Amino acid sequence: MLQDKITQYSQEINAFVTDKADELEQFRIKYLGSKGVIKEIFDAFKSVSIEEKKSLGKVLNEFKQLAESKFNTLKEITESSESQATVNELDLTLPGEGFEIGSRHPLALVRREIVEIFAKLGFTVAEGPEIEDDWHNFSALNFPEEHPARDMQDTFFIKKGGEKGDIALRTHTSSVQVRMMEQGQPPFRAIMPGRVYRNEAISARAHCFFHQIEGLYADENVSFADLKQTLFYFVQELYGEGTKVRFRPSYFPFTEPSAEMDISCTICKGAGCQLCKYSGWVEILGCGMVDPNVLENCGIDSKKYSGFAFGMGIERIANLKYEIKDLRLFSENDARFLRQFKSALI
Ligand code: DAH
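Everything in this summary refers to the structure shown in the same document.

Procedures and definitions
Residues numbered from 1 in each chain as written. Predicted model: local features only at pLDDT ≥ 70, side-chain atom pairs only at ≥ 80, totals over all residues. Heavy atoms only, no water. Pairing = 2+ DSSP bridges. Helix = DSSP H or I, 4+ residues; strand = E, 2+ residues; numbered from the N terminus. Axes fitted to C-alpha atoms, helices over the stretch in contact; angles between N-to-C directions. Parallel < 35°, antiparallel > 145°, perpendicular 65-115°, else oblique. Contact = heavy atoms within 4.5 Å. Nonpolar A, V, L, I, M, F, W, Y, C, P; charged D, E, K, R; others polar. Core = buried A, V, L, I, M, F, W, Y, C linked by side-chain atoms within 4.5 Å. Buried < 20%, exposed > 50% of the residue type's maximum accessible area, 1.4 Å probe, protein only. Arc of directions from axis to C-beta. Disulfide = S-S within 2.5 Å.

Time to look at the sheet that holds strand β3 (residues 157-162). Spatial ordering of the open sheet is given by β2-β4-β3, a layout of three strands whose pairing is antiparallel. At either margin of the open sheet sits one strand with a lone partner, and together these are β2 (131-133) and β3. Mean inter-strand twist for the sheet, computed between neighbouring axes without regard to direction, equals 15 degrees. As paired elements, β2 and strand β4 (residues 165-169) share three bridges and run antiparallel to each other. When the bridges of β4 are listed, I131 appears paired with L169.

And the structure:
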């Protein structure tokens, strides 16, 4: 009788357990396969009497569901026990996968090197805000009203004509000199690294933001000779002994006299190359004696005190050191570029 067969198979199915994939496959073939028990019973069902069909139809369907759900449940169990087995097969004696240590940004490396050189001369580090008012960025530094740097073309203004005058993204780190001098009396001996902003179209040679390091030394009897010797020492430390320096007269509103300092080309050592445009010299910074007006603007007696200041672009120094020809590389965060600057100074 079909009913007896179903009862017997149902008992077998209920009793069946395994966590092995091959045993489960045997189960599937036996019950659910194309020549399996279910197929056989459904075939037999076709030839039973109409009376029997009525009572057996439901039983048959329940039997089929029982076999299917048993199969599905055991499938989950075998799969999870198999992945467990893979975990257990891990060879813990193999070397680990290891991960790469990041590298410092070239600008951070150069900034640190500069800070360390000046630290040997007793210079501390000071910082100021990137959003500046007109006074600290321009007026206190002796910029005349109509100076072109105050133009919208050159400066990113945030607010025009507020309580404290115009508010802008600082265009140079010289603003930090002013903040420092306003807060005390000489002696001052500090360098001031930071980011600055200018309204420039981005290209290989210009960017709308870059980094500078400002320097200030003010005390009684500070002279241009002190400026020259300090910067000469800096260049020998940074680029190696024997690097030549020269000063060319220049103009900045906040220094008098003012100069630009060149060094003998670090690439061709003065012989002439593309970098120095075959002159043998490359400019690295602007400098000068702090204009007495600036000292007075900051509440410092210009009869008693004098000082020198300088400002340099960190990108420029890094370009000379690493021969980077495109400024945009510094801010694109391309890991292939950054990975090259592994240093001992982690
Ligand atoms: N602030 C100038 C600039 O952004 C750089 C500079 C020149 C700073 C001469 C100084 C200095 O302190 O004395 O181009």
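For the rest of this paragraph, the subject is the packing of helix α5 (residues 106-119) against helix α10 (residues 314-322). The interhelical angle for the contact between α5 and α10, taken along N-to-C directions, is 100 degrees, at an axis separation of 9 Å. Classified by the angle their axes make, α5 and α10 are roughly perpendicular. Each of P106, L107, L109, V110, R111, E113 and I114 in α5 lies in contact with α10, whose residues at this interface are I314, E315, I317, A318, K321 and Y322. The class makeup of the residues in the contact of α5 with α10 is nine nonpolar, no polar and four charged.

Below, the discussion takes up the nonpolar core. In terms of nonpolar packing, the biggest core is built from 42 residues, with F118, F234, I284, F310 and M312 touching the most fellow members. Looking at this core, the elements with two or more residues in it are α5, β6 (209-219), α8 (224-239), β8 (255-264), β9 (281-290), β10 (306-313), α10 and α12 (335-338). Ignoring sequence-local partners within four residues, the contact set of F234 consists of I114, I117, F118, I284 and M312. Core analysis: the next-biggest nonpolar cluster, separate from the first, contains 23 residues, V178, A190, Y305 and A309 among them.

With that settled, consider helix α2 (residues 21-31). Among all positions of α2, only L24, F27 and Y31 are buried. All buried residues of α2 project into a common sector of 50 degrees when viewed along the axis, lining one side. Residues of α2 that are exposed and point more than 90 degrees away from the buried face comprise D22 and Q26.

Our focus in this paragraph is the state of the cysteines. Counting across every chain of the model gives zero disulfides. With no disulfide of its own, C265 lies closest to C268 among cysteine sulfurs, the gap being 3.7 Å.

Any functional reading would require information beyond the geometric quantities listed.
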